[in-house]
Amino acid sequence: MAGRFCVSLTCAKDNSDKATVAFVIANAAVASEKETVVFLSTEGVRVAQKGYADDIREEGFAPLKDLMANYAAAGGKILVCSPCFKKRGLDEARLVDGAVIVGGAKLVEFLSQGAPCVTY
Amino acid sequence: MVGDSPGAGTAAEAAYDAGDLGCGELVMELRRRMLALPPGAVLALTARDPGAVLDIPAWCHLTGHALITDRHPFYRIRRKEG
């Protein structure tokens, strides 16, 4: 079944519970054959940095690193808010698999073509 | 063939006991296992997470795989063509 799905994440280690659940839902979407985007903005951009999520493991969930790796391996995309990323002085040469830095227009384009979005 | 698990009614080519795994982690693993099967093959799934009751039918509806046994925690799913 065709269709799109967006998960918006605005947290990282400031709320690792939300960061984890966002990727659990993203896994559900991509496993359900939806063209899926995780949009990272504000603090959420930090999880796009290789190594950052390595020590995030919420009780009852798989480690965030594994959730993100499985998501990317299944074809899930991660859009990273460019100004949020730059503001935090992060390194665009060290992005996790499936991640690409974008401006707002890319998100607007994706959602405007008809995509539900859930935010964490 | 795997045909002797509880909830059996149709012989299955593969079996997967997901234990308490649920939500996105369950369907991601289910996706991987279904794609490894040939079209028309049946997977016997045991999924004890309470969310599976509604999630497994929803996932089958979304993906087009056929849910042929739906007796929580026992499910049988036939892989779609293609």
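Below is a short write-up of the structure.

When its secondary structure is counted, chain A shows four helices and five strands. In chain A, the order of α-helices and β-strands from amino to carboxyl end is β-α-β-α-β-α-β-α-β. Against the compact-globule benchmark of 14 Å for 120 residues, chain A has a radius of gyration of 13 Å, which places it among compact chains. Taking the principal axes of its C-alpha atoms as reference, chain A extends roughly 35 × 35 × 20 Å. Put simply, chain A has 120 residues, and 44% of those count as buried.

Let's shift gears to the interface of chain A and chain B. With twelve residues of chain A in contact, the opposing surface of chain B contributes ten residues. No other element matches the six residues that helix H1 (residues 16-31) of chain A contributes to the side of chain A that touches chain B. The residue inventory of the side of chain A that touches chain B, partitioned by class, reads eight nonpolar, three polar and one charged.

The next point concerns the sheet that holds strand E3 (residues 77-81) of chain A. Residues and elements named next belong to chain A. Taking strand neighbours across the sheet as the criterion, the five strands line up as E4-E3-E2-E1-E5 in an open arrangement whose pairing is parallel. Here the strands that pair on one side only, and so sit at the sheet edges, are strand E4 (99-102) and strand E5 (117-119). Averaged over all pairs of adjacent strands, the angle between strand axes in this sheet comes to 25°, irrespective of strand direction. Inspection of the sheet shows strand E1 (residues 4-9) paired to E5 by three bridges, in the parallel sense. Paired with Val7 across the bridge in E5 is Val118. Across the sheet, H1 touches E1, strand E2 (35-40) and E5, and the angle it forms with E1 is around 175°.

Before going further, it helps to examine the pairing of E2(A). The side chains of a regular strand alternate, first on one face of the sheet and then on the other. All names here are of chain A. Where burial is concerned, most of E2 is hidden: five out of the six residues are buried. Summarising the sheet, E1 and E2 pair through six bridges and their orientation is parallel. Bridge assignment links Phe5 to a residue of E2, and that residue is Thr36. As for the winding sense of the linkage, the β-α-β connection from E1 through H1 to E2 is right-handed.

The next point concerns the pairing of E3(A). Residues and elements named next belong to chain A. The element E3 is largely enclosed, with a buried count of four among its five residues. Taken together, E2, helix H2 (residues 64-73) and E3 form a β-α-β motif whose crossover is right-handed. Note that the unit made of E3, helix H3 (residues 82-87) and E4 has a crossover that is right-handed.

Each turn of an α-helix holds 3.6 residues, which means side chains three or four residues apart point in the same direction. Residue and element names in this part refer to chain A. Over its 16 residues, H1 runs 22 Å from end to end, which matches the ideal 22 Å to within 8%, given 1.5 Å per residue. Within H1, 13 of the 16 residues are buried, which leaves the element mostly enclosed by the surrounding structure. Count one or two residues on from H1 and you reach Glu33, which has phi positive near 65°.

So, on to the packing of H1(A) against H2(A). Residue and element names in this part refer to chain A. Where H1 meets H2, the closest approach of the two axes is 9 Å, and the angle between their N-to-C directions is 25°. One finds that H1 runs roughly parallel with respect to H2. Both H1 and H2 take part in a crossing whose hand is left-handed. Side by side, H1 and H2 meet where Ala19, Thr20, Phe23, Val24, Ala26, Asn27 and Val30 of the first sit next to Leu64, Leu67, Met68, Asn70 and Tyr71 of the second. Here the residues of the contact of H1 with H2 sort into nine nonpolar, three polar and no charged.

How each quantity is defined
Residues numbered from 1 in each chain as written. Chains lettered and ligands numbered in written order. Predicted model: local features only at pLDDT ≥ 70, side-chain atom pairs only at ≥ 80, totals over all residues. Helix = DSSP H or I, 4+ residues; strand = E, 2+ residues; numbered from the N terminus. Rg over C-alpha atoms; globule rule 2.2 N^0.38 Å. Buried ≥ 20, exposed ≤ 12 C-beta atoms within 10 Å, placed from the backbone. Contact = placed C-beta atoms within 7 Å. Nonpolar A, V, L, I, M, F, W, Y, C, P; charged D, E, K, R; others polar. Pairing = 2+ DSSP bridges. Axes fitted to C-alpha atoms, helices over the stretch in contact; angles between N-to-C directions. Right-handed = clockwise from strand over helix to strand, strands pointing away. Expected span 1.5 Å × (residues − 1). Parallel < 35°, antiparallel > 145°, perpendicular 65-115°, else oblique. Left-handed = near helix turned anticlockwise from the far one by under 90°.

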